[in-house]
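Each chain, written out:
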Amino acid sequence: MTEHETILVERPADRVALIRLNRPKALNALNLRVMAELTEAATALDRDPSVGAIVITGSDRTFAAGADIKEMKDQSFDEVLAADWFAGWDALARVRTPLVAAVAGYALGGGCELAMMCDILVAADTASFGQPEITLGVLPGMGGSQRLTRAIGKAKAMDLCLTGRRIDAHEAERCGLVSRVVPADTLLDEALEIARTVAGMATPAAILAKEAVNRAFETTLSEGILFERRVFHATFATREQKEGMAAFVEKRPARFHD
Ligand code: CO8
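Here, residues in each chain are numbered from 1, in the same order as that chain's written sequence. Whole-chain, interface and lining totals are the exception, using all residues; otherwise, since this is a predicted model, local features are given only for residues with pLDDT of at least 70 and side-chain atom pairs are given and counted only at 80 or more. Side-chain metrics in this entry use all non-hydrogen atoms of the structure; hydrogen atoms and water are not considered.

Where an unreviewed UniProt entry is consulted, the protein chain appears under the name Enoyl-CoA hydratase, with the organism given as Streptoalloteichus tenebrarius. UniProt positions are given in the numbering used here, feature names are shortened, and annotations may be inferred rather than shown by experiment. Per UniProt, the comment on the protein chain under Sequence similarities (unreviewed entry) is "Belongs to the enoyl-CoA hydratase/isomerase family."

A. Layout of the overall build of the protein chain. Within the protein chain, the secondary structure is distributed over 12 helices and 10 strands. The atom set for the radius of gyration is the C-alpha atoms, and the globule formula is 2.2 Å times the number of residues raised to the power 0.38. Radius of gyration (C-alpha) of the protein chain: 19 Å, near the 18 Å computed for a compact globule of 258 residues. In terms of overall dimensions, the protein chain has C-alpha extents of about 60 × 45 × 40 Å along its principal axes. Long-range contacts, defined here as pairs at least 24 residues apart, represent 65% of the contacts in the protein chain between residues at least 6 apart. For every accessible area listed, the method is Shrake-Rupley and the probe measures 1.4 Å; residues are considered covered only by the protein chains on display. In the structure as shown, the protein chain presents an accessible area of about 13,700 Å², 56% of it carried by carbon and sulfur atoms. Think of it this way: Lys and Arg go in the positive column, Asp and Glu in the negative one, and His and the chain ends go nowhere. Where a charge lies is defined by one atom per residue type: Lys uses NZ, Arg uses CZ, Asp uses CG and Glu uses CD. Side-chain charges of the protein chain comprise 30 positive and 36 negative groups, with the mean position of each set lying 4 Å from the other. Secondary structure is summarised from DSSP: a helix means a run of H or I of at least four residues, a strand means a run of E of at least two, and numbering begins at the N terminus for each. Any two residues having at least one pair of non-hydrogen atoms within 4.5 Å are treated as being in contact.

B. Looking closely at the site of the ligand. Nearness here has a simple test: a residue counts as near a molecule or strand if at least one of its heavy atoms is within 4 Å of that partner. Taken together, 26 residues are adjacent to the ligand, and Arg 61, Ala 65, Ala 67, Ile 69 and Gly 110 come closest. Two N or O atoms form a polar contact when they lie within 3.5 Å of each other; inside protein one atom must be a possible hydrogen donor and the other a possible acceptor, and for residues adjacent in sequence the pair counts only when both atoms belong to side chains. One nitrogen or oxygen atom from the main chain of Ala 65 is found 2.9 Å from a nitrogen atom belonging to the ligand. Take Ile 69: an N or O atom from its main chain is 2.9 Å from a nitrogen atom of the ligand. In the complex, the protein chains occlude 70% of the 1,100 Å² of accessible area that the ligand would expose alone. Of all the secondary structure elements, the ones that give two or more residues to the shell around the ligand are α2 (69–72), β6 (106–108) and α5 (110–116).

C. Representation of the sheet that holds strand β5 (residues 99–103). Spatial ordering of the open sheet is given by β1-β2-β3-β5-β7-β10, a layout of six strands whose pairing is mixed. Edge positions in the sheet fall to β1 (7–13) and β10 (180–182), since each of these pairs with one other strand and no more. Within this sheet the neighbouring strands show an average axis-to-axis angle of 25°, counted without direction. Note on pairing: two strands pair once DSSP finds at least 2 bridges between them. Pairing analysis gives three bridges linking strand β7 (residues 120–124) to β10, with the strands arranged parallel. Residue pairing for β10: Ala 124 is matched across the bridge by Val 182. On the sheet, helix α9 (residues 187–200) packs against β1, β2 (16–21), β3 (53–57), β5, β7 and β10 and is oriented at approximately 160° with respect to β3. Note on method: axes are straight lines fitted to C-alpha atoms, helices fitted across the in-contact stretch only, with angles between N-to-C directions ranging 0 to 180 degrees.

D. The arrangement of the pattern of salt bridges in detail. Any Lys or Arg side-chain nitrogen found within 4 Å of a carboxyl oxygen on Asp or Glu counts as a salt bridge. Counted by the stated rule, this structure contains 15 salt bridges. Between Arg 23 and Asp 68 there is a salt bridge, with the nearest N and O atoms lying 2.8 Å from each other. Taken as a pair, Arg 23 in the loop between β2 and α1 (32–47) and Asp 68 in the loop between β4 (62–64) and α2 lie far apart in primary sequence, 45 residues in all. Burial here depends on accessible area, computed with a 1.4 Å probe over protein chains only, as a share of the maximum for the residue type. Under 20% is buried, over 50% is exposed, and the range in between is partly exposed. The buried category is assigned to Asp 68, whose relative accessible area is 9%.

Right under this line is the structure:
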C-alpha cells in the first residue's frame, strides 16, 4: 500500500478496507493533503475487485473538525476560485464501492460533510455533528447545505447552518442523519461488521443498489422508479442473481465470492 502522511490505509478483514484520518494534533482537520490522499486511496480501493466495502474513520476524539482553517484563512477569492478549492472531494462521491463512515467525537463542517458523503453513517454515542462555518464568516463548502438539507430537511438544516449549533449522536439519528448509534467502545467493530456484511453481498447488486438510492437525491420519483426497475432487470444478467436465488431455493448460504 502507498505510504501516506495524513491517513492510514488498512485491510482489517477479507474484502474490507479501512481508511483512518490521521492528523491528531489538528483534530483531523481536512487540508488539501488529506483531500488528495483520501480521494486517491478511496479511488484506488474502488478499482480493486477484492474490496467490497470501505470504512472511513477518525480517532476516538474526533472524526474531523472540518476544513483546515489555518490553511484557508489567508486565501483570496481569486485563489480559491482559480484552484476550485474542495472540488477534489467530488472524487469521493464517484466511488462506487459502499462507504461506511464510523464517527466518534467531532464531525464538524467539512467533517460532517465528509461523513455525509458516505453511504452508511455509524455514530458513536460520543459523536457530535454541526456546520459551524457561519461562525467563521463562511458557509458549508463541500455539499453541506445540499446533502444536509436532503438528509434532514429544511427546518433542521437551516437551524444547523444558520446558528452553527452542534447536535449529538442521538439527535442526529432522530433526524435521519445517522444510520445507527452505538457505544463508543464498539464503534469500529460495529462499522467493520457492517462493512463485512455489505462486502459479502453480490457486488453488482451492491453497486446498483447504491446507485439507485443515490438516484433518489437527483431525480423525479417516476424517473427514479424506472431507473430502479431497469437495474433490477439487469441483475438477471448476473451470475450472482442465479446463485442468490438458487441458494435460497436449496436452503443454503449464497456463495457470491468463492
Ligand atoms: N482547522 C485547523 N485546525 C484545527 C481545526 C480546524 N478546523 N479544528 C481544530 N484545530 C486545531 C486547533 O487549532 C488546535 O491546534 P493548536 O493546538 O495548534 O492550537 C488543535 O486542533 C486542538 O483544537 P482545540 O484546542 O480547539 O480543541 P478543543 O477540544 O478545545 O475544541 C473543537 C475542539 C470544538 C473541534 C474546536 O477545535 C473547533 O471549534 N474547531 C473548528 C471547528 C470548525 O469551525 N470547523 C469548520 C471549519 S470550516 C469548514 O469545514 C468549511 C467546509 C468547507 C468544505 C470543506 C472541505 C473539506
